[in-house]
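# Chain and residue survey
Spelled out, the chains give:
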Amino acid sequence: MASLGVNIDHIANVRQARRTVEPDPVRFALLAELGGADGITVHLREDRRHIQDRDVELLRATVRTRLNLEMAATTEMEAIALRLRPDMVTLVPERREEVTTEGGLDVAGQVESLAPLVGRLMGAGIGVSLFVDPDDAQLEACRSCGARWVELHTGAYAEAAWEQQPFQLARITEATAIARGLGLRVNAGHGLTYHNVEPIAAIEAMEELNIGHTIVARALAVGLQEAVRQMRALVQNPRRDPLFGDRQP
Ligand SMILES: CC(=O)[C@@H](O)[C@H](O)COP(=O)(O)O
Ligand SMILES: NCC(=O)COP(=O)(O)O
């Protein structure tokens, strides 16, 4: 049964729209945990467009579940992670001009530089997950880097046209099995919603789903605690094929 990591980046987006002090993502993390979040995820971007350093410092001191820090593989971010010691670091790709994360980290193209970073973070007692596309070569490279976790990028599945979704789901299901065969533990995230999450949550070895934007969007109507409660109910008890019925990949 998968657990739920709630990404609160977009709470911080509302605050940063006015460069002010509210809504405070630190306070909203408590509401997410009251709603049943199994962890809190934040992406400290190099351009600080939403989550700020101060948010991560306060979340480290206040989160009672698990704190997952998404970050680029840079010297600056490594120093912050080693200082604050989140429960997990998820290494993600980053481009300043992107609207949101556009693809998985190219681990295969940078094993030599990533492996030492993974070793230093794990040596500090921090779990390390690599955010990658559901691709065999990338998964092999994740194992070569020494990471114990991968987070499968579900963006292609989430953005797929209706007739393509079974194929994209099959890609993620297959990648999950390959990752497990490599001894990797498997999370997933990006673009998941209340309407497309269940088939991903139903994948046997899926351990945690990191979900943010859709939860914050629903929170505008029902409040964050209730939005998290509703998502966790879907993640914990997913119907197998609510989307596809008898459609096969
Ligand atoms: C890695 C990923 O898919 C998201 O967790 C990431 O946080 C997206 O970046 P924004 O939150 O800035 O959209
Ligand atoms: N790694 C995925 C995540 O944390 C949240 O992504 P999204 O649900 O905001 O697209």
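Predicted, not measured: the structure shown is a model, and the values here were computed from it. (Residues numbered from 1 in each chain as written. Chains lettered and ligands numbered in written order. Predicted model: local features only at pLDDT ≥ 70, side-chain atom pairs only at ≥ 80, totals over all residues. Heavy atoms only, no water.)

### Details of the UniProt feature "active site" (unreviewed entry) in the protein
Test applied: UniProt positions are given in the numbering used here, feature names are shortened, and annotations may be inferred rather than shown by experiment. A run of DSSP states H or I qualifies as a helix once it reaches four residues; a run of E qualifies as a strand once it reaches two. Both are numbered from the N-terminal end. Any two residues having at least one pair of non-hydrogen atoms within 4.5 Å are treated as being in contact.
Here the UniProt-annotated "active site" (unreviewed entry) positions come out as His43, Glu70 and His190. The named residues occupy 148 residues along the chain; their greatest pairwise C-alpha distance, 12.3 Å, places them in one compact cluster. Summarising the element assignment, His43 is placed in strand S2 (residues 39-43). In contact with His43, other than residues within four places in its own chain, are Asp9, His50, Ile51, Glu70, Met71, Val92, Glu94 and Thr101. The residue Glu70 is located in strand S3 (residues 67-71) in this model. When sequence neighbours within four positions are dropped, the list of residues in contact with Glu70 reads Asn7, Thr41, Val42, His43, Leu44, Thr90, Val92 and Glu151.

### Some thoughts on the packing of helix H10 (residues 213-222) against helix H11 (residues 224-236)
Basically, it comes down to this: To get an axis, fit a line to the C-alpha atoms, keeping to the stretch in contact for a helix; angles then go from 0 to 180 degrees between the N-to-C directions. Oblique is the label for any angle not covered by the other classes, which are roughly parallel (under 35 degrees), roughly antiparallel (over 145) and roughly perpendicular (65 to 115). Crossings are assigned a handedness: left-handed for a near helix turned anticlockwise from the far helix by less than a right angle, right-handed for a clockwise turn.
For the pair H10 and H11, the least separation of the axes is 7 Å and the interaxial angle reads 125°. Taken together, the axes of H10 and H11 are oblique relative to one another. Our pair here, H10 against H11, has a crossing hand that is right-handed. Where H10 abuts H11, its residues Thr214, Ile215, Arg218, Ala219 and Val222 lie against Leu224, Glu226, Ala227, Val228, Gln230 and Met231.

### Overview of the pattern of salt bridges
If charged atoms from side chains of opposite charge come close, those side chains can pair. This is how the line gets drawn: Salt bridges, as used here, are contacts in which a Lys or Arg side-chain nitrogen is within 4 Å of a carboxyl oxygen on Asp or Glu. For the exposure calls, accessible area comes from a 1.4 Å probe over protein chains only, and a residue counts as buried if that area is under 20% of its type's maximum, exposed if over 50%, partly exposed in between.
Counted according to the given criterion, the structure contains 19 salt bridges. Residue Asp38 pairs with Arg232 through a salt bridge whose shortest N-O separation is 3.0 Å. Pair noted here: Asp38 is in the loop between helix H2 (25-34) and S2 and Arg232 is in helix H11, with a separation of 194 residues, a long-range link. Since its relative accessible area comes to 16%, Asp38 is described here as buried. We classify Arg232 as partly exposed; its relative accessible area is 25%.

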